[in-house]
Amino acid sequence: MSSTQAEELQGKIVESTNLEKRAADILTRLRSLREQDAPTHGGRVLSYVYDSGLAALDELAADAARLVQPVNGLDPTVFPSTAVMERELVAFAREFLHGASDPAADTDTDTGTDTGGVVVGNVTSGGTESCVLAVKAARDFRGLPPGEGSLVLPTTAHAAFHKAAHLLGLELILVPVDPTSGRVGAQDIATAVRKDTVLIVVSAPNYPFAALDPIADVAEVARAHSIPLHVDACIGGLALPWWGDLPPWDFQVPGVTSMSVDFHKYGYSPKGVSVLLHRGRDLHRKQYFGLTDWPGYPVVNPTLLGSKSVAALAGAWAISQVLGQSGYAELVSRAQRATRALIETVQSIDGLRVVGSPVGPLFAVATDGSVPLERRVDPHRWVSAVGARGFVLQGQPASTQPDGTVLPRTTHLTVTPVTESVLGELTNALVLGADDVRGSAAAEAPPALAELAGAFERGDVTVADVLALPSDAVAAALRSAGLDPRGSADSPLDMAAVLAAVESLPREVTKRLLVEFLAGLVEP
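Quick caveat: nothing in here was measured; it's all calculated off a predicted structure. (Residues numbered from 1 in each chain as written. Predicted model: local features only at pLDDT ≥ 70, side-chain atom pairs only at ≥ 80, totals over all residues. Heavy atoms only, no water.)

A. Seen up close, the overall build of the protein chain. Regarding its fold elements, the protein chain presents 17 helices and 15 strands. Its C-alpha radius of gyration of 25 Å places the protein chain within 12% of the 24 Å reference for a compact globule of 524 residues. Partitioning the intrachain contacts of the protein chain with sequence separation of at least 6 by distance along the chain shows that 72% fall at a separation of at least 24. With the model as given, the accessible surface of the protein chain reaches about 24500 Å², and the carbon-plus-sulfur share is 55%. Charged side chains of the protein chain number 41 positive and 60 negative; the gap between the two group centres comes to 1 Å. (Helix = DSSP H or I, 4+ residues; strand = E, 2+ residues; numbered from the N terminus. Rg over C-alpha atoms; globule rule 2.2 N^0.38 Å. Contact = heavy atoms within 4.5 Å. Areas by Shrake-Rupley, 256 points an atom, 1.4 Å probe, with all protein chains shown as cover. Lys, Arg positive; Asp, Glu negative; His and termini not counted. Charge placed at Lys NZ, Arg CZ, Asp CG, Glu CD.)

B. Spotlight on the pairing of strand 4 (residues 197-203). Most of strand 4 sits inside the fold, with seven of its seven residues counted as buried. Direction of pairing for strand 2 (residues 150-154) relative to strand 4: parallel, over a ladder of three bridges. Counted as the bridge partner of Val152 is Ile200 from strand 4. Taken together, strand 4, helix 8 (residues 215-224) and strand 5 (residues 229-232) constitute a β-α-β crossover, and its handedness is right-handed. (Buried < 20%, exposed > 50% of the residue type's maximum accessible area, 1.4 Å probe, protein only. Pairing = 2+ DSSP bridges. Right-handed = clockwise from strand over helix to strand, strands pointing away.)

C. Here's a closer look at the pattern of salt bridges. What the rule picks out here adds up to 18 salt bridges. With a shortest N-O distance of 2.8 Å, Arg438 and Asp435 are connected by a salt bridge. Look at Asp435 and you get partly exposed, because its relative accessible area is 42%. Salt-bridge contacts for Glu516 lead to Arg512; the nearest nitrogen and oxygen are separated by 3.3 Å. In this pair, Glu516 and Arg512 are both assigned in helix 17 (residues 507-522), four residues apart and thus about one turn of the helix distant. Given a relative accessible area of 11%, Glu516 falls into the buried group. (Salt bridge = Lys/Arg side-chain N within 4 Å of Asp/Glu carboxyl O.)

D. Representation of unusual backbone geometry within the structure. With an omega of -10°, the peptide bond running from Ala204 to Pro205 counts as cis. Within the secondary structure, Pro205 sits in the loop between strand 4 and helix 8. Residue Lys271 is joined to Gly272 through a cis peptide bond whose omega torsion reads 0°. Along the chain, Gly272 falls in the loop between strand 6 (256-262) and strand 7 (274-279). Residues other than glycine seldom take positive phi values, yet Tyr48 does so here, at roughly 75°. Following the sequence through the fold, Tyr48 ends up in the loop between helix 2 (16-34) and helix 3 (55-67). For His98, which is not a glycine, the phi torsion comes out positive at approximately 60°. On the secondary structure map, His98 appears in the loop between helix 4 (80-96) and strand 1 (119-124).

E. Geometry of the confidence of the model for the protein chain. On average, residues of the protein chain score 93 in pLDDT, and 94% of them are at 70 or above. Contacts from residues 103-112, a stretch scored under 50 in pLDDT, to residues over four places away or in other chains number 17 contacts. (pLDDT = per-residue confidence, 0-100.)

F. Representation of the nonpolar core. Ranked by internal contacts, the top residues of the largest apolar core, which has 75 residues, are Ile189, Ile200, Ile215, Trp249, Phe263, Val275 and Tyr328. Here the element with the most residues in this core is helix 10 (residues 311-347); it accounts for ten residues. Each residue touching Ile200, except ones within four places of it in the same chain, is listed here: Val152, Ile189, Val193, Val218, Ala222, Ile227, Pro228, Leu229 and His230. Grouped together as the second largest cluster of nonpolar side chains are 26 residues, Ile343, Leu352, Ala429 and Leu430 included. (Core = buried A, V, L, I, M, F, W, Y, C linked by side-chain atoms within 4.5 Å.)

G. Seen up close, the sheet that holds strand 10 (residues 352-354). Spatially, 10-11-15-12 is the arrangement adopted by the four strands of the open sheet, whose pairing is antiparallel. The open sheet has two edge strands, strand 10 and strand 12 (394-396), and neither has a second partner. Taking each pair of neighbouring strands and ignoring which way they run, the sheet shows an average axis angle of 30°. (Axes fitted to C-alpha atoms, helices over the stretch in contact; angles between N-to-C directions.)

See the structure below:
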C-alpha cells in the first residue's frame, strides 16, 4: 500500500460518520461483554460492589466524571478545579471523623507524635494506595532509610499493608487475634512493638470478620512508645460514624495519627477514590514525593500516581456535596437494618454461626462446630449453594496465625442499602442454600493439587522446588488441575475447590499458582 493510499484509508477511518458507526459497534460489543459480569446493582453481589440503590447518584457521578474526563490531576495549578474538589472532600471526611477540632497544637511534646494537630490529607486512587502512603509517611517521618524498620499489625489487617511492607522494605510483624472475636489485644500489640517499629495498624472494622479493634487501648500503647497509629477505616469509615453507640475509634482518640476511608465503598462513588488523613502537617508532608533534580518540570506528587484521572474524585465530591452527612446517615440506616436482619437469619440456621460481634454493614459466617457433623454447614459449600440461587457471597479460607491458632474458614457478606430491597429473596436463598448442603463434607482441592499437597506432606517436594518452576510449568500444573484461565465459560471456577487448595498447600505455593492463573486470564 502506498503512503497516499494509507493516508486516504486513515482519512476514511476518522471520517465522522464512519467513526460514529465504529464507536457504536464497539459499544455494542462492550455491552455484550458486560453481560458476562456479575450484576453490580440490585443487591445480588455481597462483596466488591456498593450499591446505594439510588440511580440518581450513579447518574450524578457519571455526569461529574464526564465534565472532568480530559482533566489531568497531576497539576492542580493548571487545573484548579481538582484542588477545590480534593480540598472539600478532605474537609468533609475530616469532619465526620472528628478531625476538624482545635488545630492549635501540632505535636504532643510527651510522645513526639502528632496527637493534637490539624488533620490534613489527600485523595488517593483507593484503599491500597492510602494504606501504602500511610506506611510511607510513617517510615519517612521516623527518618529510616529504605530497607529498615518494622510494621506491627493484626493478622486481620488488610493485605494492602503486606504490600506496603514489601514495597517499602519493612519487616512485617503480625500479631494474632482472638479466634473467637477476631479482635487483637492491645497487650499483644505492645509485646510485638520493637525499637525500629515505624507504625502500628488497627482496623475499624477489619474486613475478614468485621471486628472493631480496641483502638483506644492500642492508641495508649502507641503513645507510650512514641509510634504513629493508623486506623484503617477503608470499609467502615463511611458507615461507623452513623452506626450508633460505639467506643471511640477515630480522631477522637488521642494517639490516632492517620486514617484511611474509601469513598468508593460506602461513599457510593465510582472506583477508585479514597481519602488518607494525617494528624499534623509534618507527618502529612512525608507522604509526598518531590523531585527538582532532573531536567524536566518539577515533580511533586502526593500519591503514587503522577498523571491521573480525576473522574472518581469528581464523582465522590459531587455525591458528598449532594448527600451530606444526613444523606449518608439515612443510607447507613438502611444498610444497618438489612445487616441486622441477615445476622438474625444466619443465627437461626442450624449448622452455621456468625463470627464474633461484627460492627458495621458486614459480617462473616462459619460452621457451627457445636452441633453434630450431620447438621453442620460448610461455609464454602454454602457459598456455592446460595450462588445457585442467584446471590454471590465471598468465601474466605481458614488461616493459621503465627502462634499456631487457626482462624476458621468463613463466608463474607458485605451489606449495602439496596440489600434491604431484596431481603426476602436473599433470606430464602441463605436458608435453602444451607438446607441443600447441610451435612455435606467440605470441598476437596482438585485432584492434581491434592496430590501435590500429599507430596509436600511426604517431603517429596519443597516450596523452593515449586517457586523455582518456570511460568509455563506452573500453567501446565494449573491446567492439569482443571484450572485453565482460558477455560470455557460453561465450566465456571469452583471456588470451594480453589479455597480447599489454598488451605491444603503452603501459602507461598498457592500465591504462585494464583498469580499464574490471574496473569494467564489477561494475557493476550
